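Below are the chains, spelled out letter by letter.
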Amino acid sequence: MGARFTGWPAEALAFYAGLEADNSKAYFTAHRAVYHESVREPMLALAESVAEEFGPLHLFRPNRDVRFSTDTSPYKTQQGAVTEGEGGSIYYVAISAEGLFVGTGYHQMASDQLQRFRRAVADDTTGPELVGAVEAVERRGCSVGGEALKTAPRGWPKDHPRVRFLRHKGLTIGRTFAPAPWLHTARARDRIVRVWRDGAATNAWLDAHVGPSTIPPDDRR
């Protein structure tokens, strides 16, 4: 068993504030110990503490993939981690200089998922169920995210009563927390888990009516 999760120390946020100001190999190398002790190790401890309920969190590498980007900054300015439930919903958390972001849902749907999603949204039985689940979680302080079109997708009426959801190409429930004293304590886990649990009804709807893609990963784009 690894170390017990006790939150992220203030040095974690300071590390990323410095990285935003100087995103260079020299900065990262000089502060590598801070990254490991104040960012990575707490995230690993969190991963162990939530694994039984949500599955093992996978930590993203700190390096950016700059091969196809005009932004050649070598490092990400946040440390993210993600896991996926059996039904296809993902659980995501990230720490940065701006604080903590927690999200859950379907970040980006493949074409087969999107077809199933839109059919279920348009259905007069399953569609209102999603609306109710989302409105309930919004009342609890979460926000709805995921890439969305500016208007109704081709073939769907612009005045559809659930066009808000038809526009989505991904659907997530999330919450951003500004830096606060609790972030440096074990109570940070409670905030993270609360958001993931708040998204349970939306995830259950997505898992039931959309589910994982059957398209091979290399063919999804």
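For the structure given in this document, a descriptive report is provided here.

Conventions adopted
- Residues numbered from 1 in each chain as written.
- Predicted model: local features only at pLDDT ≥ 70, side-chain atom pairs only at ≥ 80, totals over all residues.
- Heavy atoms only, no water.
- Pairing = 2+ DSSP bridges.
- Helix = DSSP H or I, 4+ residues; strand = E, 2+ residues; numbered from the N terminus.
- Contact = heavy atoms within 4.5 Å.
- Axes fitted to C-alpha atoms, helices over the stretch in contact; angles between N-to-C directions.
- Buried < 20%, exposed > 50% of the residue type's maximum accessible area, 1.4 Å probe, protein only.
- Parallel < 35°, antiparallel > 145°, perpendicular 65-115°, else oblique.
- Left-handed = near helix turned anticlockwise from the far one by under 90°.
- Nonpolar A, V, L, I, M, F, W, Y, C, P; charged D, E, K, R; others polar.
- Phe/Tyr/Trp six-rings, centres within 6.5 Å; stacked < 30°, edge-to-face > 60°.
- Lys NZ or Arg CZ within 6 Å of the ring centre and 35° of its normal.

## Thoughts on the sheet that holds strand β4 (residues 99-106)
Reading across from one edge, β1-β2-β3-β4-β6-β5 is the order of the six strands in this open sheet, with antiparallel pairing throughout. Two strands bound the open sheet, and with one partner strand each, they are β1 (58-59) and β5 (143-145). For β4 and strand β6 (residues 171-177), the ladder comprises seven bridges, and the chain directions are antiparallel. Looking at β6, one finds that Gly105 is bridged to Thr172. Lying on the sheet, helix α1 (residues 10-21) is in contact with β2 (78-84) and β3 (90-96); it crosses β3 at an angle near 75°.

## Brief notes about the pairing of β6
Among the seven residues of β6, five are classified as buried, and the element is accordingly described as predominantly covered. Summarising the sheet, β5 and β6 pair through three bridges and their orientation is antiparallel. Along β6, the bridge assignment pairs Val144 with Ile173.

## Examining the side chain of Thr126
Within the secondary structure layout, Thr126 lies in helix α5 (residues 126-139). By relative accessible area, which is 13% here, Thr126 ends up buried. Those residues within four positions of Thr126 in sequence are excluded, and the remaining contacts are Ala120, Trp205 and His209.

## Quick look at the packing of α1 against helix α3 (residues 32-54)
Look at α1 against α3: their axes get within 8 Å of each other, and the N-to-C directions meet at 130°. Between α1 and α3, the crossing angle belongs to the class labelled oblique. In this structure, α1 meets α3 at a crossing whose hand is left-handed. Facing α1, whose interface residues are Glu11, Ala12, Phe15 and Tyr16, α3 presents Val34, Tyr35, Ser38 and Val39. Classifying every residue of the contact of α1 with α3 by side-chain character gives six nonpolar, one polar and one charged.

## Focus on the packing of aromatic side chains
Centre distance and the angle of the planes are the two values used to describe a pair of aromatic rings. Overall, the coordinates contain 14 aromatic pairs when judged by the stated rule. Relative to Phe28, the ring of Phe15 has its centre 5.8 Å away and its plane inclined at 70°; by these criteria the two rings are edge-to-face. Of this pair, Phe15 sits in helix α1 while Phe28 sits in helix α2 (residues 25-30); the two residues are 13 residues apart in sequence, bridging distant segments of the chain. Judged by its relative accessible area of 3%, Phe15 falls in the buried class. On the basis of relative accessible area, Phe28 is assigned to the buried category, the value being 3%. Ring centres 6.2 Å apart and planes at 55° place the aromatic pair Phe60 and Tyr92 in the tilted group. Of this pair, Phe60 sits in the loop between β1 and β2 while Tyr92 is found in strand β3, placing the two residues 32 residues apart along the sequence. Accessibility expressed as a relative area gives 30% for Phe60, which makes it partly exposed. Three or more aromatic residues link up through ring pairs in this structure, and these residues are Phe15, Tyr16, Tyr27, Phe28, Tyr35 and Tyr75. Positioned above the aromatic ring of Trp182, the side-chain terminus of Arg191 is 4.3 Å from the ring centre.

Purely geometric numbers; function is a separate question.
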